[in-house]
Amino acid sequence: MNIILLGPPGAGKGTQARYLVENRDMVQLSTGDMLREAKDSGTEMGDIVADVMARGALVTDEIVIGLIREKLEAKTEHGGFIFDGFPRTLAQADALGDLLAAQGETLDAVIEMRVDDEALVERITARSTCANCGEVYNDNTKPIPADGKCVNCGGTEFKRRADDNEESLKTRLMAYYKQTSPLVGYYHAKGLLGVVDGLASMDEVRASIAAVLDR
Ligand code: AMP
């Protein structure tokens, strides 16, 4: 089963994707993670996208579709793909449909995670992650333990994303509403959309997602 997690930055897509990877043997395809990797390893593509990402704007459809194409063409056995942060434009959505069809695959569900803007600003500006396992922390609601060790893996290094600041977030939210939110209607029309309250407790969000996937 192949699914999309759709929602603004800070909606909890990454956290829920990690849970699905552990519990359903699915594979998370996060274009944001792929682009950050390219940037950190200093590839030519990384240099091209660095400035765009720092501002919070979208990189070109061509680049992200290319990244996803590579992953889909490398056939491996697993419980399905979770597209996290992709597609973000109608052109990317069309391309994903074509790429899946070319592999004889289908898109089975699109989960829209709804969260209001105020909560997003709080979540994003207070966010850090374990550098080793990606466990997500929040300065106010889930601080890094006093002993400085990750609750999940015991790692002692934590990082904050360069674009997790109020200025970039404004651009990222604008990009979401202008370019990505039309996908809600696009997938609703295809009968694939399930809506989840991203402000509910972690367990409730997990349960709502499971209800959409198992319907
Ligand atoms: P994310 O980790 O999903 O929040 O993505 C971080 C940044 O990477 C975004 O603000 C964009 O600059 C870029 N990015 C990630 N995915 C895409 C995409 N599908 N299309 C365009 N830009 C993307």
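Everything discussed here concerns the structure shown above.
Residues numbered from 1 in each chain as written. Predicted model: local features only at pLDDT ≥ 70, side-chain atom pairs only at ≥ 80, totals over all residues. Heavy atoms only, no water.

Caption draft 1: Broad picture of unusual backbone geometry. Note that the residue after F86, namely P87, is joined by a cis bond; omega there is -5 degrees. Within the secondary structure layout, P87 lies in the loop between β3 (81-84) and α5 (90-102). (Helix = DSSP H or I, 4+ residues; strand = E, 2+ residues; numbered from the N terminus.)

Caption draft 2: Representation of the pattern of salt bridges. With the rule as written, the count across this model stands at 13 salt bridges. One salt bridge connects K142 with E135, and the closest N-O pair in it is separated by 2.6 Å. In this structure K142 comes out as partly exposed when scored by relative accessible area, which is 29%. On the basis of relative accessible area, E135 is assigned to the buried category, the value being 15%. Between D163 and R172 there is a salt bridge, with the nearest N and O atoms lying 3.8 Å from each other. Of the residues examined, D163 reaches a relative accessible area of 10% and is grouped as buried. Several salt bridges share partner residues, and in doing so they unite R127, R161, D163, D164 and R172 into one network. (Salt bridge = Lys/Arg side-chain N within 4 Å of Asp/Glu carboxyl O. Buried < 20%, exposed > 50% of the residue type's maximum accessible area, 1.4 Å probe, protein only.)

Caption draft 3: Region of the structure containing the side chain of S128. Inspection of the secondary structure assignment puts S128 in strand β5 (residues 127-130). Among residues more than four places away in sequence, those in contact with S128 are E135, V136, Y137, I144, K159 and R160. (Contact = heavy atoms within 4.5 Å.)

Caption draft 4: Just the sheet that holds strand β4 (residues 109-114), in detail. The strand order β2-β3-β1-β4-β8 describes an open sheet built from five strands, whose pairing is parallel. Here the strands that pair on one side only, and so sit at the sheet edges, are β2 (27-30) and β8 (193-197). Sheet twist, expressed as the average angle between the axes of neighbouring strands with direction ignored, equals 25 degrees. Where strand β1 (residues 3-6) lies against β3, three bridges are found, and the strand directions are parallel. Looking at the pairing, I3 lines up with I82 of β3. Lying on the sheet, helix α4 (residues 61-73) is in contact with β2 and β3; it crosses β3 at an angle near 170 degrees. (Pairing = 2+ DSSP bridges. Axes fitted to C-alpha atoms, helices over the stretch in contact; angles between N-to-C directions.)

Caption draft 5: Focus on the packing of helix α2 (residues 31-40) against α4. One way to put it is that α2 packs onto α4 with a least axis distance of 10 Å and a crossing angle of 100 degrees. Classified by the interaxial angle, the pair formed by α2 and α4 is roughly perpendicular. Residue-level inspection shows T31, M34 and L35 of α2 in contact with α4, the latter providing I63, V64, L67, I68 and K71. Among the residues making up the contact of α2 with α4, the classes are represented as six nonpolar, one polar and one charged. (Parallel < 35°, antiparallel > 145°, perpendicular 65-115°, else oblique. Nonpolar A, V, L, I, M, F, W, Y, C, P; charged D, E, K, R; others polar.)

Caption draft 6: The arrangement of the layout of surface pockets in detail. Approximately 180 Å³ is the volume attributed to the second largest pocket. As for the second largest pocket, its lining consists of 14 residues, and the residues nearest its centre are K75, T76, H78, F81 and E105. Along the lines of polarity and charge, the residues of the lining of the second largest pocket split into five nonpolar, six polar and three charged. (1 Å grid on protein atoms, 1.4 Å probe; cavity = no way out; pocket = protein on both sides within 12 Å on 5 of 7 lines; lining within 4 Å. Points joined across faces, edges and corners; volume = space filled by probe spheres on them.)

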